[in-house]
Amino acid sequence: MAAKHTLAPHQGVMAHRIIFEGKEYAMSIARIEGGEVVITPYTGEVHSTIFVNGTVAVTFSDGRLTIEEAMEQK
């Protein structure tokens, strides 16, 4: 893994693959709602959501999401 970023509380992330708490979610959006992480399938653009072309591992701490982008293996 490489490139770690902590998002602002209102931001979410959309990626080709999200890994959260040991589960994998294809083409999904991770965001915070009511103090919890919510991951939903991508169905369209969402305000304040960044896009990552690839895989990200998501962690949740202090009310914020941290994403760590996976480096592609060759």
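**Examining the overall build of the protein chain**
Each helix and strand in the protein chain was counted, giving zero helices and six strands. Across the protein chain, helices and strands are ordered from the amino to the carboxyl terminus as β-β-β-β-β-β. Its C-alpha radius of gyration of 11 Å places the protein chain within 12% of the 11 Å reference for a compact globule of 74 residues. By principal-axis analysis of the C-alpha atoms, the protein chain measures approximately 40 × 25 × 20 Å. Relative to its full complement of 74 residues, the protein chain shows a buried share of 27%. The long-range share in the protein chain, meaning contacts at least 24 apart out of those at least 6 apart in sequence, stands at 52%. Carbon together with sulfur atoms contributes 49% to the accessible area of the protein chain, which is approximately 4900 Å² in total. Distance between charge centroids for the protein chain: 3 Å, based on 6 positive and 9 negative side chains.

**Quick notes on unusual backbone geometry**
Non-glycine residue Glu21 carries a positive phi angle of around 50°. Relative to the helices and strands, Glu21 resides in the loop between strand S2 (12-20) and strand S3 (23-33). Of note in this structure, Ser48 is not a glycine but carries a positive phi near 65°.

**So, the pattern of salt bridges**
Throughout the structure, instances matching the rule amount to two salt bridges. In this structure, the salt-bridge partner of Arg31 is Glu33, at a minimum N-O distance of 2.7 Å. A residue is classified by how much of its surface remains accessible, and Glu33, at 40% relative accessible area, is partly exposed.

**Some details on the nonpolar core**
Ranked by size, the top nonpolar core spans 12 residues in total: Leu7, Val13, Ala15, Ile18, Phe20, Ala30, Val37, Val52, Val56, Val58, Leu65 and Ile67. At the level of elements, S2, strand S5 (49-61) and strand S6 (64-69) are the ones that each hand at least two residues to this core. Here this core takes four residues from S2, the largest share from any one element. The contacts of Ile18, once residues within four sequence positions are left out, are Val13, Lys23, Glu24, Tyr25, Ser28, Ile29, Ala30, Ile39, Val56 and Val58.

The rules behind these values
- Residues numbered from 1 in each chain as written.
- Predicted model: local features only at pLDDT ≥ 70, side-chain atom pairs only at ≥ 80, totals over all residues.
- Heavy atoms only, no water.
- Helix = DSSP H or I, 4+ residues; strand = E, 2+ residues; numbered from the N terminus.
- Rg over C-alpha atoms; globule rule 2.2 N^0.38 Å.
- Buried < 20%, exposed > 50% of the residue type's maximum accessible area, 1.4 Å probe, protein only.
- Contact = heavy atoms within 4.5 Å.
- Areas by Shrake-Rupley, 256 points an atom, 1.4 Å probe, with all protein chains shown as cover.
- Lys, Arg positive; Asp, Glu negative; His and termini not counted.
- Charge placed at Lys NZ, Arg CZ, Asp CG, Glu CD.
- Salt bridge = Lys/Arg side-chain N within 4 Å of Asp/Glu carboxyl O.
- Core = buried A, V, L, I, M, F, W, Y, C linked by side-chain atoms within 4.5 Å.

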